[in-house]
Amino acid sequence: MKIVASFCIIAGIFFFFTGVIGILRFPDFFSRMHATGKGDTLGTVLVLTGVALYNLDGGCTVANVLVSIKLMLIGVFWVIANPTATHALLRAAFDSGLMPWIKHGEPVIDWPPRPGEEE
Amino acid sequence: MEHFFLAISLFMGLLILLSLYRGIFGPTVFDRIIGMGFVGSKALSMLLLIGVLYHRIDMFVDIALAYSLLVFISTLVFSKHFQKRGAI
């Protein structure tokens, strides 16, 4: 059980590390959001799973099982909440007219989007 | 096993310092918001590791629940506040 918990926590740390590399190195806001929105969610859920498994290692008493269930409920809440926050923030940036990555004097995608493709 | 959790917590503190760069020097206000959200989610994981180190995980899990709600609601409120066009 301890080995599985350690593996989960190390995998979560790996996803956090890739998210940090993405947030530091990507060129504009939208691609930074791509890095953080996924790596952050999966890393947090993996660390929560690892801590819950490590907590169950001390014996399957009622208190330990309740704490582990509460940890997994925080994980379920985080899986729902973090993509929602990411989506709201991206929609806010899109509505406020933030420009995407500009390379050689022109945007790398069609900008502004043609009417009908928005929403 | 305690040394393992201590090393993981220290490494996560290093990651918090690195992502705080985007929170302070971000070119737009949205970069600052995602930087601080990233710091918040790593602080949530670090809080649970500190709870394992202190052998009081039953207390720290409630603090982590309140903290996750706080990070989620603060990101939503900031994004609603900056949503109108020309806010940046």
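Residues numbered from 1 in each chain as written. Chains lettered and ligands numbered in written order. Predicted model: local features only at pLDDT ≥ 70, side-chain atom pairs only at ≥ 80, totals over all residues.

Take the overall build of chain B next. Scanning chain B from terminus to terminus reveals three helices and zero strands. Walking chain B from its N terminus toward its C terminus, one meets helices and strands in the order α-α-α. In terms of overall size, chain B is more extended than a compact globule, its C-alpha atoms giving a radius of gyration of 15 Å where 88 residues would be expected to give roughly 12 Å. Dimensions of chain B, computed from the C-alpha atoms along their principal axes, are close to 50 × 25 × 10 Å. (Helix = DSSP H or I, 4+ residues; strand = E, 2+ residues; numbered from the N terminus. Rg over C-alpha atoms; globule rule 2.2 N^0.38 Å.)

Moving on, we get to the overall build of chain A. Scanning chain A for helices and strands turns up three helices and two strands. Mapped in sequence order, the helices and strands of chain A form the string α-α-α-β-β. In chain A, buried positions account for 36% of the 119 residues. Taking all contacts inside chain A whose residues are at least 6 apart in sequence as the whole, residues at least 24 apart take part in 60%. (Buried ≥ 20, exposed ≤ 12 C-beta atoms within 10 Å, placed from the backbone. Contact = placed C-beta atoms within 7 Å.)

Below, the discussion takes up the environment of His87 of chain A. Along the polypeptide, His87 of chain A turns up in helix H3 (residues 62–95). Considered as a pair, His87 of chain A and Gly37 of chain A are 50 residues apart in the sequence and their alpha carbons are 8.8 Å apart.

Okay, the nonpolar core next. Within the largest apolar cluster, 45 residues are counted, with the highest numbers of intra-cluster contacts made by Leu48, Val51, Leu71 and Leu89 of chain A together with Leu48 of chain B. Listed by contribution, the elements that provide at least two residues to this core are helix H1 (2–25), helix H2 (29–56) and H3 of chain A together with helix H1 (2–25), helix H2 (29–53) and helix H3 (57–81) of chain B. Per-element accounting of this core gives the leading share, 11 residues, to H2 of chain A. If we skip the residues at most four places from it in the chain, Leu48 of chain B touches Val47, Leu48 and Val51 of chain A together with Phe60 and Ala64 of chain B. (Core = buried A, V, L, I, M, F, W, Y, C linked by C-beta atoms within 7 Å.)

Here chain B averages 88 in pLDDT, while 95% of its residues score no lower than 70. On the interface metric, ipTM, the complex scores 0.87, and its pTM is 0.86. (pLDDT = per-residue confidence, 0-100.)

A few words on the interface of chain A and chain B. In this complex, chain A contributes 39 residues to the contact, which on the side of chain B involves 41 residues. Mapped by element, the contributors of at least two residues to the side of chain A that touches chain B are H1, H2 and H3 of chain A. The leading source of residues in the side of chain A that touches chain B is H3 of chain A, at 14 residues. Class assignment of the residues belonging to the side of chain A that touches chain B gives a composition of 26 nonpolar, eight polar and five charged. (Nonpolar A, V, L, I, M, F, W, Y, C, P; charged D, E, K, R; others polar.)

Looking now at H3 of chain A. In this model, H3 of chain A (34 residues) spans 49 Å end to end at C-alpha, consistent with the 50 Å of a helix rising 1.5 Å per residue. Maximal helix bending in H3 of chain A amounts to about 25°, located at Trp78 of chain A. Those residues of H3 of chain A that are buried lie in contact with H2 of chain A together with H2 and H3 of chain B. In the segment just after H3 of chain A, Gly97 of chain A is the residue with positive phi, at about 80°. (Expected span 1.5 Å × (residues − 1). Bend = angle between axes of the 7 residues up to and from the residue.)

Contact geometry for H2 of chain A and H3 of chain A: axes closest at 8 Å, N-to-C directions at 175°. Taken together, the axes of H2 of chain A and H3 of chain A are roughly antiparallel relative to one another. (Axes fitted to C-alpha atoms, helices over the stretch in contact; angles between N-to-C directions. Parallel < 35°, antiparallel > 145°, perpendicular 65-115°, else oblique.)

Next up on the list: the confidence of the model for chain A. Looking at chain A, pLDDT values average 84 and 87% of them are 70 or higher. Within chain A, strand S2 (residues 106–107) of chain A has the poorest average pLDDT of any element, 68, and H1 of chain A the best, 91.

Here we take up unusual backbone geometry. Even without glycine at this site, His55 of chain B takes up a positive phi of about 60°. With respect to the helices and strands, the residue His55 of chain B is situated in the loop between H2 and H3.

Moving on: the packing of H2 of chain B against H3 of chain B. All names here are of chain B. Contact geometry of H2 with H3 gives a least axis separation of 9 Å together with a crossing angle of 175°. As summarised for this structure, H2 and H3 are arranged roughly antiparallel, according to the angle between their axes. When H2 is examined against H3, the residues Ile33, Gly37, Gly40, Ser41, Leu44, Leu47, Leu48, Ile50, Gly51 and Val52 are found in contact with a partner set consisting of Ile57, Phe60, Val61, Ile63, Ala64, Tyr67, Ser68, Val71, Thr75 and Phe78. Of the residues assigned to the contact of H2 with H3, the class counts are 14 nonpolar, six polar and no charged.

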